[in-house]
Amino acid sequence: MGVLSCMKYLMFIFNVLVFAGGTCLAGVGIWVAVDPAGFQDIVATKAVLSAGAYLLLAVGIALALLGFLGCCGALRRSRPLLLVFFILVSLVFVTQLVGAILFLVYWKQIQPELFLSELRRNYRGDEGAEVFSTTWNTLMVTFSCCGVLGPEDFGNGSRFQELHPGMPWPRACCARDGLLQAGELLGWEQCQERSPGYIHEQGCFSTFGRTLQKYISVPGTCSLAVLGIEIFAMFFAFCLYYNFD
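Visitor: Provide a residue-level description of the pattern of salt bridges, including the pertinent values.
Guide: It is possible for side chains of opposite charge to pair when their charged atoms get near one another. Scanning the entire structure with this criterion turns up 5 salt bridges. The residue E118 makes a salt bridge to R121 at a minimum N-O spacing of 2.4 Å. Remark: R121 and E118 occur in helix 4 (residues 112-122); sequence separation between them is 3 residues, near one turn of the helix. For R121, a relative accessible area of 47% translates into the label partly exposed. The residue E130 makes a salt bridge to R124 at a minimum N-O spacing of 4.0 Å. Salt bridges sharing common partners tie together E152, R194 and E201.

Visitor: An account of the state of the cysteines is requested, with residue identities and associated values reported.
Guide: For the structure on display, the rule yields 3 disulfides. Each disulfide pairs two cysteine sulfurs, and for C174 the partner residue is C191, the sulfurs being separated by 2.0 Å. Of note, the bridge from C174 to C191 carries an S-S torsion of about -85° and is left-handed in sense. Of the two residues, C174 sits in the loop between helix 6 (159-163) and helix 7 (188-192) while C191 sits in helix 7, which places them 17 residues apart along the sequence. This pair shows no difference in class: C174 is buried, exactly as C191 is. Numbered in order of appearance, the disulfide-bonded cysteines of the chain are paired 1-6, 2-3, 4-5. Free cysteine: C71, not disulfide-bonded; nearest cysteine sulfur from C72 at 6.8 Å. The class of C71 is buried, set by a relative accessible area of 11%.

The rules behind each value
- Residues numbered from 1 in each chain as written.
- Predicted model: local features only at pLDDT ≥ 70, side-chain atom pairs only at ≥ 80, totals over all residues.
- Heavy atoms only, no water.
- Salt bridge = Lys/Arg side-chain N within 4 Å of Asp/Glu carboxyl O.
- Helix = DSSP H or I, 4+ residues; strand = E, 2+ residues; numbered from the N terminus.
- Buried < 20%, exposed > 50% of the residue type's maximum accessible area, 1.4 Å probe, protein only.
- Disulfide = S-S within 2.5 Å.

Shown next as structure tokens:
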């Protein structure tokens with residue numbers, strides 16, 4: 001009985017933390033979604049930010065619900081609640097495991113041609129107000145890259161070239177004195193002449209690939225930790241379910 005009691009309280013503490021974390025995520029999602037004090041106005045990709053806010057809200061609510069079920073099941077010694085908790089955590093575990101496997105199998109097979117065709121067809125330039133253009137401008141400035149493969153992506157036949165026939169590439173491809181879009185260009189004339197140090201020659205596809213390879217251990221470690229916690233949660237729920245009357 002001592003071991004069972006210890007497992008019950010460990011289950012309770014674990015799910016209190018899960019509930020608190022889920023509540024915090026949901027709170028952040030709501031805060032961003034309601035746009036306090038014009039928060040979204042300082043971010044170029046408003047649609048992406050809004051989608052991220054609702055994703056945080058959904059994940060937070062799901063975690064809070066799981067934590068609540070686990071706490072109630074452990075304290076009330078309720079087998080139905082523990083069974084529901086076990087099933088939900090199992091579904092989350094299987095979904096994450098399948099997603100991780102698919103990501104590891106297919107992420108290296110992603111080719112730049114799809115992104116390149118979309119860029120040439122839809123990108124409108126530095127002043128483009130639609131989500132696609134503002135997202136690309138933000139990415140190119142933030143990651144110091146240009147196009148998918150390089151500055152040549154904006155050449156003849158692209159939507160950008162049709163709208164701006166006198167420009168070889170957008171200003172977002174040029175080096176700045178800071179990472180933000182508000183940073184001053186080091187030199188637009190030198191950038192147009194493709195002078196070294198004034199233009200980002202590297203395409204964003206290879207830049208993202210290097211960044212992902214460099215930091216893949218961080219999300220990988222976090223994912224393994226989450227999967228491990230879920231295994232322990234399922235184990236505790238399973239043991240308590242079969243030992244409660």
